[in-house]
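# Summary of structural features
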Amino acid sequence: MAPPLVDKALALTERLGFERSCRPEVGRLLHVLAASRGRERVAEIGTGTCVGAAWIVSALPPQTPFFTAENDPRRAAAARQLFAADENVHVLEGDWRELLPPEAPFDLVFYDATKQLRPREDGELVAGLLAPGGIAVLDDLTPGFAGRDPVREFWLSRPDLAVTELLTTPASAAILAVRR
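The text that follows walks through the structure, step by step, so that each part is easy to find. Each chain has its residues counted from 1, following the order in which its sequence is written. This being a predicted model, a pLDDT of at least 70 is required before a residue's local features are given, and a value of 80 or more before pairs of side-chain atoms are given or counted; all residues contribute to the totals for chains, interfaces and linings. With hydrogens and water stripped out, all remaining heavy atoms of the structure feed into the side-chain values.

For this analysis, a ring pair means two rings from Phe, Tyr or Trp (six-membered ring only for Trp) whose centres lie within 6.5 Å, classed as stacked if their planes differ by under 30 degrees, edge-to-face if by over 60, and tilted for the remaining angles. Applying the stated criterion across every chain, the model contains four aromatic pairs. Pairing Phe154 with Trp155 gives two aromatic rings, centres 5.2 Å apart and planes at 85 degrees, and the pair type is edge-to-face. For the residue pair Phe154 and Trp155, the accessibility class agrees, reading buried in each case. Grouped by ring-pair contacts, the aromatic residues Trp96, Tyr111, Phe154 and Trp155 constitute a single cluster. The criterion is that NZ of a Lys, or CZ of an Arg, lies within 6 Å of the ring centre and within 35 degrees of the ring normal, and then a charge sits over that ring. Directly above the ring of Tyr111 sits Lys115, whose terminal nitrogen or CZ lies 5.9 Å from the centroid. When accessible area is computed with a 1.4 Å probe and restricted to protein chains, residues below 20% of their type maximum are described as buried, those above 50% as exposed, and intermediate ones as partly exposed.

Rendered as structure tokens:
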């Protein structure tokens, strides 16, 4: 069963006609990671319609700051409205590359957007947002991808990260990377 905040985000998703929101299987993974001990600052790259954010925020301790960056003004405005009652949720509108680094380091980063655009450059930035022991979660990967995959190549080859890939559904995988 999803937390009530997730149900509100799903209603927002339907209202805005957004088709790329966080899968329930990834949401539950994010919920577990957000609930784990030691989460003092958390971020999301790509708010969308707040489904992933809702899974995360629903599990965080009440005083934990959560930052989510969304490039689309309409979705950012909807996110601000959804989280208006929570002073620890900060919806940042614009390019995450500029907005999140000043708020870092983070104990958990859900890297939900732009992974494929600049895999190495953006991957370096995301890895740099992590506190020691911090976790990055990347979803929407294709299991058993046969061709060259720059996202996987970057994350799975980093000696400064402990990394694993896991199936979230039979047709989707996620990478979890912990900064050593």
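Axis angles are defined between N-to-C directions and span 0 to 180 degrees, where every axis is a line fitted to C-alpha atoms and, for a helix, only to the segment in contact. A run of H or I in DSSP counts as a helix once it spans at least four residues, and a run of E counts as a strand once it spans at least two, with each numbered from the N terminus. Packing of helix H1 (residues 4-16) against helix H4 (residues 73-82) brings their axes to within 11 Å, and their N-to-C directions diverge by 150 degrees. Relative to H4, the element H1 lies roughly antiparallel. Crossing of H1 against H4: the hand is right-handed. Of H4, the residues touching H1 (which contributes Leu5, Lys8, Ala9, Leu12 and Leu16) are Arg74, Arg75, Ala78 and Leu82. Grouping the amino acids of the contact of H1 with H4 by side-chain chemistry returns six nonpolar, no polar and three charged. Any angle from 65 to 115 degrees is called roughly perpendicular, while one under 35 is roughly parallel, one over 145 is roughly antiparallel, and all others are oblique. The handedness criterion is simple: a crossing whose near helix is rotated anticlockwise from the far helix by less than a right angle is left-handed, and one whose near helix is rotated clockwise is right-handed. Whether two residues are in contact is decided by their heavy atoms, any of which lying within 4.5 Å being enough. The residue classification treats Ala, Val, Leu, Ile, Met, Phe, Trp, Tyr, Cys and Pro as nonpolar and Asp, Glu, Lys and Arg as charged. All others, Gly included, are polar.

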